[in-house]
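A look at the structure
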Amino acid sequence: MPPKRKAAPSAAKGEAKAGRTSRMSTPGAATPRSLDDTGDDAEDEPVVGDEELQRELDKNIDIFSVDKYKKKHTVREPLPHIFGNNDYSYLDLKKDHQNRPLWIDPQKGRIILESFNPLAEQAQDFLVTIAEPLSRPTFMHEYALTTHSLYAAVSVGLSPSDIISTLDRFLKTPLPEEIRNFITNCTQSYGKVKLVLKNTKYFVESPDPDVLQLLLKDPIIGPLRVQHGDQELTTEAAPKLGALVIPGTGAAKGVTQTSEQQLGDHGEAPKEKDVFATLNEDDDDEQDVTHAFEIADKDVETVQKQCLLLNYPVLEEYDFRRDEVNANLEIDLRPGTQIRPYQEKSLSKMFGNGRAKSGLIVLPCGAGKTLVGITAACTIKKGVIVLCTSSMSVVQWRLEFLKWSNINPEDIVAFTSDNKGSMFTGSTGIVVTTYSMLTQAGQRSYDADKMMKFLTNREWGLMLLDEVHVVPANIFRRVTSSIKSHSKLGLTATLLREDDKISDLNFLIGPKLFEANWMELSKQGHIARVQCAEVWCPMPTEFYDEYLKAPARKKQLLYIMNPRKFQACQYLINYHEARGDKIIVFADNVYALKKYAFKLGRAFIYGGTPQAERLKVLDNFQKNPELNTLFLSKIGDTSLDLPEATCLIQISSHYGSRRQEAQRLGRILRAKRRNDEGFNAFFYSLVSKDTQEVYFSSKRQAFLVDQGYAFKVITQLANMENTPDLAFSTPAERRELLQTVLVDNETAEDDEIDDDLFHKGKKGKKKGTRRTAGTLGELSGGQDMAYIERNKKVNQALKKGKGKQESHSFFKKIGRENARRAAQ
Ligand SMILES: Nc1ncnc2c1ncn2[C@@H]1O[C@H](COP(=O)(O)OP(=O)(O)OP(=O)(O)O)[C@@H](O)[C@H]1O
């Protein structure tokens, strides 16, 4: 007998960069890291919701765990000095393991994909459906099987046996028993119960009458059934799968799109194109008839919660083709519109069985989420309500609908604070509005109130929820409870910040239906190729000395205002302007933003810039060949519709926020020149060496590294010293800068996003821009700042003498401390 082949240890760990994060609770795995350890701002953390429900749900699942596994198996001690916990050499390898692309960690449910394997593409399609992508660098991708990912898999039509058999075929080792059980236990009840709104009535529906009987025996659900004579359940033919044509594709779509794919014999490595295995034949048989009982509108939430507790999570589906109650909307994609393969794939998950399933579609910035939403609307052809985060996006969405579809302009209206009155004239239409318009507390104007009544008193076919990652769960609750919609589609570029709280989105909107791979879209030319670099800027001695003894806030200002960073920024702006790039420089710190922009003579926008001025600057940045560089505060992260840029320079950012980093990178992914031969966009992070910034920077990059981006470290910019008019090139200039920074530290402002919808007033007081009285001498810089800094008391006396407002308590405290130190 030939010796037994053994599995090689996974190499993935070595390849993926540290700081990788799990975005979802993985049963059996360690508790997911909270965002706190990434430095993300906990106070903005938006999503809070039914964790109790989730816990109850998890209790019902026989979770596989490392301890359980060790009790049942003799796991050989790993080789800690080489592979740590990633030594799977005790697993037997299949005979033709070279042909198969997947490894699995039987203890944690982590799956490793060899992306260079000929079957990698098929395996990836399958993995995206059943597992949560954790990290996708060049050669090895890592996924996690989670309760949510399996819930999502079932919701797009895969059965437990499909999942198990397909996974087994792709694996190099036999599928471990624990994983098999985990999949079965998680999925056997998922997808069995659906909530369907038909002719304005809600039905709890299942292909299995026993499941419905079980629900009816429940003391909470049972009494909520709407009685229709003696008959407990109604029975009707299930909709046929795969008969749907998604506009812009020209082909019938659905899970069945893979029906032409042939399976290899059991036990053989799968042939190319045989991914979704047997699911179609089985589904046809199973779904011949469906059984249902009716519940009242007011009981929907109670039934949903109770079903969850019974471990039968309810999937929401909309049988729009058979909805004869709601008027049809005249809408189609314009002739010639061709949706891209990944857009089509995401929509096929939504319309997999001929009905519309509610859920989330995750596509990188610039990948065309708007067109995905519009195509969904053109497929359903019923009333649509679109929710955006700002009134600027409302205008944008309306224009995009008019651009891509043949919707009559009168049938699509915007409902914003500037436009509360006008309504579509036909029997149905599209309303584009903001989350805050719908959830605003307090008295509304007469027109707004009338509009709200109109919106809440009718049924909508589709609710499109834009930028779901920045919207708090309580806002979703308020929106979904007041607006009655048959289906919901959440669109986002990243589900990053939610970590374990993403579970709430799963049940408030629906499971994640699709998540695209950034690198893949970039290779296909749908988004720009980006070169990422971290530029290390040494701190001059005098800055570093101050830095070492400074308190946290001052430390931050010192590493941002590091003159070497300033010089690097100047050098990069010169270099990229000469190349013909459009450059955005991001600085969270408004003080630094203004200093940099003034010194370099470039335009800037921050929270305090009036709306008209913002638009003018943005317009010039887009069209004026003289204006190629724009400094932006964090208002540019979400609240502005930015014109295209090809180079980003980040001089200050929000600690370790991975979401902000991803959002910022997203700003250059849509570059139109992306398909030019050899075109690259550039993303630079300027980091002051040997400061806390280095730590935050590596945290921030974690998400992008997981998406496959490689950050080059630049320790020296070639010939920087030869830059004409290089700022702060003499020691005297640098010392003066330091003094200025130290003095100004007392009045430096934090950026405040004026039109940030969800965080207004959260901190209890608004900082915003402060107005202070001053002399022209101060404005012209004619005062001796060094003198003022060294003589704080005189400074305070001077200010008081001029009738300025009182010092902030923080500065009073510092003043007291300084006085104490001076006295010692
Ligand atoms: N199928 C398509 N065919 C042609 N152009 C497309 C297609 N899909 C998207 N685009 C174009 O790609 C660009 C980006 O689209 P869009 O603004 O919808 O991206 P997005 O994902 O919403 O980005 P962001 O997250 O930054 O808002 C737009 O100019 C859009 O017209």
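Residues numbered from 1 in each chain as written. Predicted model: local features only at pLDDT ≥ 70, side-chain atom pairs only at ≥ 80, totals over all residues. Heavy atoms only, no water.

Concerning the overall build of the chain
Cut-off, in case you're wondering: Think of it this way: any DSSP run of H or I at least four residues long counts as a helix, any run of E at least two long counts as a strand, and we number them from the N terminus. Three labels apply to residues, based on accessible area from a 1.4 Å probe with only protein chains included: buried if under 20% of the type maximum, exposed if over 50%, partly exposed otherwise in between. Two residues form a contact once any of their heavy atoms are found within 4.5 Å.
Of the regular secondary structure elements, the chain holds 31 helices and 26 strands. Buried residues in the chain amount to 57% of all 824 residues. Considering only contacts in the chain between residues 6 or more positions apart, those separated by 24 or more positions represent 78%.

Structural notes on the packing of helix H12 (residues 369–380) against helix H13 (residues 391–404)
Stated precisely, the cut-off is as follows: Angles here are taken between N-to-C directions and fall from 0 to 180 degrees, while the axes themselves are lines fitted to C-alpha atoms, restricted in helices to the stretch in contact. By definition, turning the near helix anticlockwise from the far helix through less than a right angle yields a left-handed crossing, and turning it clockwise yields a right-handed one. Under the grouping applied here, Gly and all other residues not named as nonpolar or charged are polar, the nonpolar ones being Ala, Val, Leu, Ile, Met, Phe, Trp, Tyr, Cys and Pro and the charged ones Asp, Glu, Lys and Arg.
It is the contact of H12 with H13, at a shortest axis distance of 10 Å, that shows an interaxial angle of 65 degrees. Viewed along their axes, H12 and H13 form a crossing whose handedness is right-handed. Across the interface between the two elements, Thr370, Leu371, Gly373, Ile374 and Ala377 of H12 pack against Trp397, Glu400, Phe401 and Trp404 of H13. A breakdown of the residues in the contact of H12 with H13 according to their chemical character gives 6 nonpolar, 2 polar and 1 charged.

Quick word on the nonpolar core
The cut-off we apply is this: Side-chain atoms within 4.5 Å are what join buried Ala, Val, Leu, Ile, Met, Phe, Trp, Tyr and Cys residues into a set we call a nonpolar core.
Judged by nonpolar contacts, the single largest core of 72 residues is most densely connected at Phe401 and Ile430. Take this core: its biggest share by element is 7 residues, from H12. Other than its neighbours up to four places away in sequence, Ile430 contacts Leu329, Ile331, Val384, Val386, Phe401, Ile407, Asp411, Ile412, Val413 and Phe424. The next biggest cluster of nonpolar side chains, apart from the first, holds 46 residues, and it includes Tyr547, Ala587, Ala727 and Leu738.

Remarks on unusual backbone geometry
Even without glycine at this site, Glu467 takes up a positive phi of about 50 degrees. Along the polypeptide, Glu467 turns up in the loop between strand E17 (459–465) and helix H16 (473–482). Look at Asp690: it is not a glycine, yet its phi comes out positive at around 60 degrees.

What about the pairing of strand E23 (residues 629–632)?
The condition is simple: Strands pair, by our definition, only if DSSP identifies at least two bridges between them.
Residue alternation in E23 divides its side chains into two sets, Thr629 and Phe631 and Leu630 and Leu632, and both sets are buried. Pairing of strand E21 (residues 583–587) with E23 involves 4 bridges; the strand directions are parallel. Paired with Phe586 across the bridge in E23 is Leu632. Inspection of the sheet shows strand E22 (residues 603–605) paired to E23 by 3 bridges, in the parallel sense.

Quick look at the site of the ligand
The test is simple: Residues are labelled near a given molecule or strand when at least one of their non-hydrogen atoms is within 4 Å of it. Here a polar contact is recorded for every N or O atom pair within 3.5 Å, except that within protein the pair must consist of a potential hydrogen donor and a potential acceptor, and residues adjacent in sequence are included only if both atoms are side-chain atoms.
Taken together, 15 residues form the shell around the ligand, and within it Gln338, Gly366, Lys369, Thr370 and Arg670 come nearest. Here Lys403 contributes a side-chain N or O atom positioned 3.4 Å from an oxygen atom of the ligand. Broken down by secondary-structure element, the contributors of at least two residues to the shell around the ligand are H12 and H13. The greatest single-element share of the shell around the ligand, amounting to 3 residues, is contributed by H12. In terms of residue class, the shell around the ligand is built from 6 nonpolar, 5 polar and 4 charged.

A word on the sheet that holds strand E14 (residues 384–388)
In spatial order, the strands read E15-E16-E14-E17-E18-E13-E19; together these 7 strands make up an open sheet with parallel pairing. Looking along the sheet, the strands with just one partner apiece sit at the ends: strand E15 (412–415) and strand E19 (512–515). Neighbour-to-neighbour, the strand axes of the sheet open up by a mean angle of 20 degrees, direction not taken into account. By the bridge criterion, 6 bridges tie E17 to strand E18 (residues 484–492) in an arrangement that is parallel. Looking across to E18, one finds that Glu459 is bridged to Lys484. Relative to E18, H12 is tilted by about 160 degrees, and along the sheet it contacts strand E13 (359–362), E14, E17 and E18. Packing of helix H15 (residues 446–456) onto the sheet brings it into contact with E14, E15, strand E16 (430–434) and E17, and relative to E15 it is tilted by some 125 degrees.

Digging into the sheet that holds strand E2 (residues 110–114)
Across the sheet, which stays open at both edges, the 4 strands sit in the order E1-E2-E4-E3 with antiparallel pairing between neighbours. Only two strands of the sheet have a single partner each, and these edge strands are strand E1 (102–105) and strand E3 (132–135). Looking at each pair of strands side by side, their axes are set apart by 30 degrees on average, direction ignored. Note: E3 against strand E4 (residues 140–144), 3 bridges, orientation antiparallel. Note on E4: the bridge partner recorded for Ser135 is Glu142.

Points about the environment of Thr389
With respect to the helices and strands, the residue Thr389 is situated in the loop between E14 and H13. Residue classification places Thr389 among the buried positions, given a relative accessible area of 11%. With 44 residues separating them in the primary sequence, Thr389 and Thr433 have C-alpha atoms 8.6 Å apart.

Concerning the pattern of salt bridges
Put simply, the rule reads: Should a side-chain nitrogen of Lys or Arg be within 4 Å of a carboxyl oxygen of Asp or Glu, the pair is scored as a salt bridge.
For the coordinates displayed, the defined rule picks out 21 salt bridges. Salt-bridge contacts for Glu317 lead to Arg355; the nearest nitrogen and oxygen are separated by 3.1 Å. Here Glu317, found in strand E11 (residues 314–318), pairs with Arg355, found in the loop between helix H11 (341–350) and strand E12 (356–357); they are 38 residues apart in sequence, far enough to count as distant. Assigned by exposure class, Glu317 and Arg355 land together as buried. The partner of Asp332 in a salt bridge is Lys381, and the shortest N-O contact between them spans 3.1 Å. Of the two residues, Asp332 sits in the loop between E11 and H11 while Lys381 sits in the loop between H12 and E14, which places them 49 residues apart along the sequence. The partly exposed category is assigned to Lys381, whose relative accessible area is 26%.

Section: the environment of Ala710
Summarising the element assignment, Ala710 is placed in the loop between helix H26 (692–706) and strand E26 (711–714). In the structure, Ala710 is positioned 171 residues away from Met539 in sequence and 25 Å away in space, judged by C-alpha atoms.

Quick look at the confidence of the model for the chain
Caution applies to low-pLDDT regions: their predicted coordinates should not be interpreted in detail. Filter applied, for reference: The quantity called pLDDT is the predictor's confidence in a given residue, expressed from 0 to 100.
Taken as a whole, the chain shows an average pLDDT of 74; of its residues, 70% reach a score of 70 or greater. Segment residues 1–50: pLDDT under 50, and 146 contacts once partners within four positions in sequence are set aside and those in other chains are kept. Within the model, the stretch residues 269–287 combines pLDDT values under 50 with 52 contacts to residues more than four positions away or in other chains. Under the prediction, the complex receives an ipTM of 0.98, its pTM being 0.72.

Side note on the packing of helix H5 (residues 147–155) against helix H7 (residues 177–187)
Note the following rule: Reported orientations rely on four angle classes, namely roughly parallel under 35 degrees, roughly antiparallel over 145, roughly perpendicular from 65 to 115, and oblique for the rest.
Packing of H5 against H7 leaves a shortest axis separation of 9 Å and a crossing angle of 60 degrees. The angle between H5 and H7 places the two elements in the oblique class. As H5 runs across H7, the sense of the crossing is right-handed. Contacts from Thr147, Leu150 and Val154 in H5 reach Phe182, Ile183, Cys186 and Thr187 in H7. Its residues placed into classes, the contact of H5 with H7 shows 5 nonpolar, 2 polar and no charged.

Details of the side chain of His486
Within the fold, His486 resides in strand E18. Within the local environment of His486, its side chain forms a polar contact with the side chain of Asn326, the two groups lying 3.2 Å apart. For His486, the side chain forms a polar contact with the side chain of Glu459, separated by 2.7 Å.

Details of helix H8 (residues 209–217)
Stated precisely, the cut-off is as follows: In this description, the arc belongs to the directions extending from the helix axis to the C-beta atoms.
Of the positions making up H8, those classed as buried are Val211, Leu212, Leu215 and Leu216. Down the axis of H8, the buried set is contained in an arc of 140 degrees. They therefore lie on one face. Among the exposed residues of H8, those pointing more than 90 degrees away from its buried face are Asp210 and Lys217. Elements in contact with the buried residues of H8: strand E5 (193–198), strand E6 (201–206), strand E10 (289–295) and helix H10 (300–309). Put simply, Asp208 is the residue that caps the front of H8, since its side-chain oxygen is 3.0 Å from the backbone nitrogen of Asp210.

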